[in-house]
Amino acid sequence: MGDDHDLKEEGGEIVPFDPSKKKKKKKVVIQDPADDSVEKLAEKTETLSVSEGLESTFSGLKKKKKKPVESSILTDEVGEAGEELEDHIGDDEEGEGIDLHPRYPWEGSDRDYEYEELLGRVFNILRENNPELAGDRRRTVMRPPQVLREGTKKTVFVNFMDLCKTMHRQPDHVMAFLLAELGTSGSLDGQQRLVVKGRFAPKNFEGILRRYVNEYVICIGCKSPDTILSKENRLFFLRCEKCGSGRSVAPIKAGFVARVGRRNAGT
Amino acid sequence: MSELEHQVPSAFDPFADASADDSGAGAKEYVHVRVQQRNGRKSLTTVQGLKKEYSYNKILKDLKKEFCCNGTVVQDPELGQVIQLQGDQRKNVSTFLVQAGIVKKEHIKLHGF
């Protein structure tokens, strides 16, 4: 995990200015909290998502340290990091060098702690001890839709029932939504697979299911998918099991469906 | 919770909403842009729910000219007039409608895959 993040960051870092230039320019401006690289780090961490915030925070810090290292190994506190990094400077793989680094960036120096670092530390501890509180919510993984072609004009959605079960929704409701969005007709076959008229790629189903989940499954308040859809007085209500909030959701309407195909003389 | 649920239906009458919805634009005034598959790799785009005040034919004319496709205005018994265009023009239609200032971006709903 650390590797690709670091590499990605590397790319973002280098693009604005020439790395060779940076080497000369950045002299020993280290450990000064007001250093502009700290600001850079801050905005970098903002752009990163929460789940990976910690690792990248640290790798970002290492980057800050590395810059002076590249120019000169004068400073004692980066000395031990400098040696191992020195080996790796020639090649592009800095990911492995970073793993050997001390646990906290402030170790060995007596500068002030920065907010980002302490925040990262807190999250690290939290994640180690009880991960469910750390804020990265456990994602319910939905398997990608498996789609087969039946003949040339029909598409079979194989794991339709599975997906309905993972979403805790009635297959009828999901089916109505899918068919309305696809603008076609379809039905369930003997093995509880959904057969849809027309040719569709798995990607199409995925997009529609995503929209379905956003509209009919996810709770707006707490973003939890642990919800119940119930019908009262011809209206659909979504009630969240986690936070207890409720909302009404729009009924599924197919809307205008143009007639395609041959029109026979009778109608 | 239970009292809230009883309260909600009385607060807004489901029947009033339904009748308003049937009368064309509806309460939310969403413009629905859909795509439908035809035979082969052909498709059809329908635009439903534009405001009644607009001249559909004029909009259609510009749409046709802009996207170089044919199209018609279909009279639907329930939904009023619907613009139909040949080909998958969903993105084009939505950007066009927004740029022309006919509909706001958040009032356009793209359907289909």
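It should be emphasised that the depicted structure is a prediction, and the values quoted were computed from it without experimental measurement.

Novice: I tried to follow the overall build of chain A on my own but got confused; where do I start?
Specialist: Broken down by element type, chain A carries 10 helices and 7 strands. Burial status across chain A gives 39% buried among its 267 residues. The contacts of chain A with a sequence gap of at least 6 include a subset with a gap of at least 24, amounting to 52%. Of the accessible surface of chain A, which amounts to about 15,800 Å², a share of 53% is contributed by carbon and sulfur atoms.

Novice: When you look at the overall build of chain B in this model, what are you seeing that I'm missing?
Specialist: A count of helical and extended segments in chain B gives 4 helices and 5 strands. Secondary structure of chain B in N-to-C order comes out as α-α-β-β-α-β-β-α-β. For chain B, buried positions account for 37% of its 113 residues. For chain B, restricting intrachain contacts to residue pairs at least 6 apart in sequence, the fraction spanning at least 24 positions comes to 48%.

Novice: Where do I start with the pairing of strand β7 (residues 246-249) of chain A in this structure?
Specialist: On any regular strand, side chains alternate: one points to one face of the sheet, the next to the other face. Residues and elements named next belong to chain A. With 4 bridges joining them, strand β6 (residues 235-240) and β7 adopt antiparallel strand pairing. Its bridge partner lying in β7, Leu 238 is registered against Arg 247. Here β6 folds back onto β7, and the loop between the two strands holds 5 residues, one of which, Gly 244, carries a positive phi near 80°.

Novice: Teacher, can you tell me more about a positive patch on the surface here?
Specialist: Residues and elements named next belong to chain A. On the surface, Arg 149, Lys 153, Lys 154, Lys 197 and Arg 199 cluster together to form a positively charged patch. With respect to the helices and strands, the residue Lys 154 is situated in strand β2 (residues 154-157). With relative accessibility at 38%, the residue Lys 154 sits in the partly exposed group.

Novice: So what exactly am I meant to see when it comes to the nonpolar core here?
Specialist: As a rule of thumb, nonpolar side chains are buried together in soluble globular proteins. Counting 26 residues, the largest nonpolar core has Phe 157, Phe 160, Val 174 and Leu 178 of chain A as the members making the most contacts within it. The greatest single-element share of this core, amounting to 7 residues, is contributed by helix α10 (residues 202-217) of chain A. In this structure, Phe 160 of chain A is in contact with Pro 171, Val 174, Met 175, Leu 178, Leu 188 and Leu 194 of chain A, ignoring residues within four places of it in sequence. Core analysis: the second largest hydrophobic core is formed by 18 residues, Tyr 56, Cys 69, Leu 85 and Val 93 of chain B among them.

Novice: Any chance you could explain the sheet that holds strand β5 (residues 227-232) of chain A here in plain terms?
Specialist: All names here are of chain A. One open sheet accounts for 3 strands, arranged β5-β6-β7; its pairing is antiparallel. One side of each edge strand has no neighbouring strand; the edge strands of this open sheet are β5 and β7. Strand-to-strand, the axes of this sheet are offset by a mean angle of 30°, without reference to chain direction. Strand direction decides the pairing type here: β5 and β6, joined by 6 bridges, are antiparallel. Looking at the pairing, Lys 231 lines up with Phe 236 of β6.

Novice: What am I meant to see in the packing of aromatic side chains here?
Specialist: Each aromatic ring pair is specified by the distance between its two centres and by the angle formed by the two planes. Counted under the stated rule, the structure contains 7 aromatic pairs over all chains. On the numbers, 4.7 Å between centres and 50° between planes, the contact of Phe 157 of chain A with Phe 205 of chain A is tilted. Placement of the pair is Phe 157 of chain A in strand β2 and Phe 205 of chain A in helix α10, with a sequence separation of 48 residues. Taking relative accessible area as the criterion, Phe 157 of chain A reaches 0% and is therefore assigned buried. Here Phe 205 of chain A falls in the buried class, since its relative accessible area comes to 0%. Aromatic side chains Tyr 212 of chain A and Tyr 216 of chain A sit 5.3 Å apart centroid to centroid with 35° between the ring planes, which places their arrangement in the tilted category. Taken together, the residues Tyr 212 of chain A and Tyr 216 of chain A, both in helix α10 and 4 residues apart, mark about one turn of the helix. Each member of the pair, Tyr 212 of chain A as well as Tyr 216 of chain A, carries the same accessibility label: buried. Ring pairs connect the aromatic residues Phe 157, Phe 160, Phe 200 and Phe 205 of chain A, which therefore count as one cluster. The cationic tip of Lys 109 of chain B hangs over the ring face of Tyr 30 of chain B; the distance from NZ or CZ to the ring centre is 4.6 Å.

Novice: Which parts of the structure should I look at to understand the packing of helix α8 (residues 160-167) of chain A against helix α9 (residues 171-182) of chain A?
Specialist: Between two packed helices, both the angle of their axes relative to each other and the distance between the axes serve to describe the pair. Residue and element names in this part refer to chain A. At a minimum axis distance of 9 Å, the contact between α8 and α9 shows a crossing angle of 110°. Relative to α9, the element α8 is oriented roughly perpendicular. As α8 packs across α9, the resulting crossing turns out to be right-handed. On α9, the residues that touch Phe 160, Met 161, Cys 164 and Met 167 of α8 are Pro 171, Val 174, Met 175 and Leu 178. Its residues assigned to classes, the contact of α8 with α9 shows 8 nonpolar, no polar and no charged.

Definitions and cut-offs
- Residues numbered from 1 in each chain as written.
- Chains lettered and ligands numbered in written order.
- Predicted model: local features only at pLDDT ≥ 70, side-chain atom pairs only at ≥ 80, totals over all residues.
- Heavy atoms only, no water.
- Helix = DSSP H or I, 4+ residues; strand = E, 2+ residues; numbered from the N terminus.
- Buried < 20%, exposed > 50% of the residue type's maximum accessible area, 1.4 Å probe, protein only.
- Contact = heavy atoms within 4.5 Å.
- Areas by Shrake-Rupley, 256 points an atom, 1.4 Å probe, with all protein chains shown as cover.
- Pairing = 2+ DSSP bridges.
- Patch = residues over 30% accessible without salt bridge, like charges linked within 9 Å, V, L, I, M, F, W, Y side chains within 5 Å.
- Salt bridge = Lys/Arg side-chain N within 4 Å of Asp/Glu carboxyl O.
- Lys, Arg positive; Asp, Glu negative; His and termini not counted.
- Charge placed at Lys NZ, Arg CZ, Asp CG, Glu CD.
- Core = buried A, V, L, I, M, F, W, Y, C linked by side-chain atoms within 4.5 Å.
- Axes fitted to C-alpha atoms, helices over the stretch in contact; angles between N-to-C directions.
- Phe/Tyr/Trp six-rings, centres within 6.5 Å; stacked < 30°, edge-to-face > 60°.
- Lys NZ or Arg CZ within 6 Å of the ring centre and 35° of its normal.
- Parallel < 35°, antiparallel > 145°, perpendicular 65-115°, else oblique.
- Left-handed = near helix turned anticlockwise from the far one by under 90°.
- Nonpolar A, V, L, I, M, F, W, Y, C, P; charged D, E, K, R; others polar.

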